[in-house]
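Descriptive analysis of the structure
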Amino acid sequence: MSSSPIRIDLDIAVIGGGVAGLWVANRLKKQGFKIALFEHKALGSDQTMASQGMIHGGMKYTLSGMLTGASETIADMPQYWRACLCGDGDVDLRNTRLLSDHFYLWSGNSISAKLSSFFASTALNGRIDPVPDDRRPPVLRHADFGGNLYKLVDIVLDVHSLVTNLAHNIENQCFLIDWTHSSWQINSGQLQLTIEQDGQIYEVHAQRFIFCAGKGNGDLLDELGINKPAMQLRPLQQVMIRHHYPYSFYGHCLGGETTPRLTVSSHRLNSTDYVWYLGGSLAEKGAHMTPEALIEFAQAELADILPWVDMASAEWKTLPIERAEPLQPNFLRPENAFVDRAQGIANLLVAWPTKLTLAPNLANQILDLIKDDQLLPISESKNNLYGILPIPPIAPTPWETAFPPAIDPVVAVSYKLQEELSEAYDEGEEEDKKEEEQP
Ligand SMILES: Cc1cc2nc3c(=O)[nH]c(=O)nc-3n(C[C@H](O)[C@H](O)[C@H](O)COP(=O)(O)OP(=O)(O)OC[C@H]3O[C@@H](n4cnc5c(N)ncnc54)[C@H](O)[C@@H]3O)c2cc1C
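Digging into the sheet that holds strand 17 (residues 315–326)
Taking strand neighbours across the sheet as the criterion, the 8 strands line up as 6-7-5-14-15-16-13-17 in an open arrangement whose pairing is mixed. Each end of this open sheet is capped by a strand with a single partner; those strands are strand 6 (128–130) and strand 17. Each strand axis lies, on average, 25 degrees off the axis of its neighbour in the sheet, ignoring direction.

Below you can see the structure in the form of structure tokens.
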């Protein structure tokens with residue numbers, strides 16, 4: 001160990017680089033706070049990159065026909081995100097790709113009474129439009145389709161580009177943390193972080209630490225012996241289908257339950273292949289199945305719901321993943337983003353957005369708490385971690401991991417170059433020959 005520890009003073013240190021941590025760090029930076037975000041794997045790992053990217057106004061949660069307070073909060077979110085995508089919002093998302101500016105809600109042929117009254121509900125006025133037969137998307141444009149179809153003007157984002165965009169906005173403030181060389185200390189009820197890098201010790205002090213580590217919040221709280229707030233995990237197993245079916249589709253197929261029977265989003269894998277990513281009840285019911293059993297179940301569901309879609313030559317994979325949420329009575333689904341002070345530590349907040357859609361709402365709640373505590377940007381410390389700690393990479397998508405290219409992309413490019421060079425050479429030879437043959 002070389003010299004004495006170097007003190008780093010931050011206003012706010014965010015732990016975890018999913019959508020929650022990235023969004024909160026973006027907002028805090030814009031407010032002039034000196035921030036640092038610490039990620040231990042890759043930005044967007046875990047839930048964020050595994051999400052379906054649907055920024056929804058909570059319509060699927062109003063299946064009971066009632067608009068609750070929570071669904072009113074979420075109802076404003078698509079508009080909020082749209083402003084950010086246009087560069088007019090609190091966070092600049094002009095480099096985030098929109099996959100779709102709408103998605104569909106549809107029901108099977110045998111619509112239940114509950115669904116009929118849901119679709120007829122006056123609460124839905126102006127938020128959802130029935131789709132006439134001649135305007136159906138290609139996936140549902142089949143003579144055998146006899147269900148009800150509605151279009152929601154909610155949006156679907158390419159989450160990889162969202163994470164890249166959010167990370168780029170705070171690029172000198174995201175750091176890769178190696179917990180084998182880092183540790184927490186609590187001094188007089190205040191949390192402090194110690195990092196060892198290249199033989200040097202850095203003591204990180206912050207007015208606030210914010211745990212935004214998704215499932216990782218549970219481990220961090222355990223390590224510090226904190227019981228409140230507590231976390232619950234909701235296991236899922238998503239299904240991924242790699243295929244050549246050319247139509248993108250984003251929608252929820254409604255069954256008799258409050259969770260959609262099937263949620264479909266579409267993602268481009270490479271220049272020839274697409275992935276359909278399936279969630280909803282299928283992923284909940286499949287959480288504890290073997291991948292083989294779940295794939296069989298998914299194939300049966302798809303054959304029942306969309307029998308005309310040919311996935312015969314498709315490749316199927318599954319993704320087990322857990323949703324991390326604040327603990328609820330009776331393991332209910334939380335409806336709002338959640339942030340609270342950690343019990344016993346004055347400078348620690350713990351947060352879960354509960355939905356990608358609600359990340360902006362989470363950041364608003366955090367900014368309100370910071371305002372209540374009258375925290376101001378005060379850190380004038382010159383010491384910085386930039387150039388000292390490594391920068392975290394962006395996580396791959398689950399489908400990139402599940403369906404890796406047959407050959408390494410660098411090797412593929414070199415093959416392509418060789419091919420093009422030899423074609424150019426052959427063409428040159430041909431031209432020379434023609435010239436020689438001319439009288
Ligand atoms: C399958 C699935 C589909 C979903 N689809 C949607 C959808 O369409 N629309 C929607 O609104 N919501 C959706 N959600 C919910 C949404 O994805 C999550 O609510 C949201 O992504 C949670 O973000 P987060 O940043 O809190 O956590 P995460 O995305 O889990 O990120 C946590 C980050 O913290 C890092 N981390 C963990 N521990 C540590 C540590 N000790 N130190 C440093 N870093 C750490 C992780 O590596 C990770 O980068 C979906 C969720 C799932 C699982």
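Considering the pattern of salt bridges
Overall, the coordinates contain 17 salt bridges when judged by the stated rule. In this structure, Asp373 and Arg208 form a salt bridge, with 3.0 Å as the shortest nitrogen-oxygen distance. With Asp373 in the loop between helix 10 (359–372) and helix 11 (398–402) and Arg208 in strand 12 (residues 200–211), this pair connects stretches of sequence that are 165 residues apart. Asp273 serves as the salt-bridge partner of Arg242, at 2.7 Å between the closest nitrogen and oxygen. Here the residue Arg242 occupies a position in strand 13 (residues 231–243), and Asp273 occupies one in the loop between strand 15 (262–268) and strand 16 (274–279), the gap between them amounting to 31 residues. Through salt bridges with shared partners, one network takes in Arg242, Asp273, Glu315 and Lys317.

Some words on a negative patch on the surface
Among the surface-exposed residues, Glu419, Glu420, Glu423, Asp426, Glu427, Glu429, Glu430, Glu431, Asp432, Glu435, Glu436 and Glu437 lie close enough to one another that they form a single negatively charged patch. Relative to the helices and strands, Asp426 is located in helix 12 (residues 409–437). Relative accessible area serves as the criterion here: at 47%, Asp426 is assigned to the partly exposed category.

Some thoughts on the environment of Ser45
By secondary structure assignment, the location of Ser45 is in the loop between strand 2 (35–39) and helix 2 (47–50). It is 9.3 Å that separates the C-alpha atoms of Ser45 and Gly16, two residues lying 29 residues apart in sequence. A polar contact of 2.5 Å, which involves the side chain of Ser45, links it to the backbone oxygen of Ala42.

Digging into the pairing of strand 1 (residues 6–15)
Within strand 1, 7 of the 10 residues are buried, which leaves it mostly tucked inside the rest of the structure. Summarising the sheet, strand 1 and strand 12 pair through 9 bridges and their orientation is parallel. Within strand 12, the position partnered with Ile8 by the bridge is Val204. Two elements, strand 1 and strand 2, share 4 bridges in a ladder whose sense is parallel. Note on strand 2: the bridge partner recorded for Ile15 is Phe38. Remark: the strand 1/helix 1 (residues 19–30)/strand 2 crossover connection has right-handed handedness.

Basis of the calculations
Residues numbered from 1 in each chain as written. Predicted model: local features only at pLDDT ≥ 70, side-chain atom pairs only at ≥ 80, totals over all residues. Heavy atoms only, no water. Pairing = 2+ DSSP bridges. Helix = DSSP H or I, 4+ residues; strand = E, 2+ residues; numbered from the N terminus. Axes fitted to C-alpha atoms, helices over the stretch in contact; angles between N-to-C directions. Salt bridge = Lys/Arg side-chain N within 4 Å of Asp/Glu carboxyl O. Patch = residues over 30% accessible without salt bridge, like charges linked within 9 Å, V, L, I, M, F, W, Y side chains within 5 Å. Areas by Shrake-Rupley, 256 points an atom, 1.4 Å probe, with all protein chains shown as cover. Lys, Arg positive; Asp, Glu negative; His and termini not counted. Charge placed at Lys NZ, Arg CZ, Asp CG, Glu CD. Buried < 20%, exposed > 50% of the residue type's maximum accessible area, 1.4 Å probe, protein only. Polar contact = N/O pair within 3.5 Å; in protein donor to acceptor, adjacent residues only side chain to side chain. Right-handed = clockwise from strand over helix to strand, strands pointing away.

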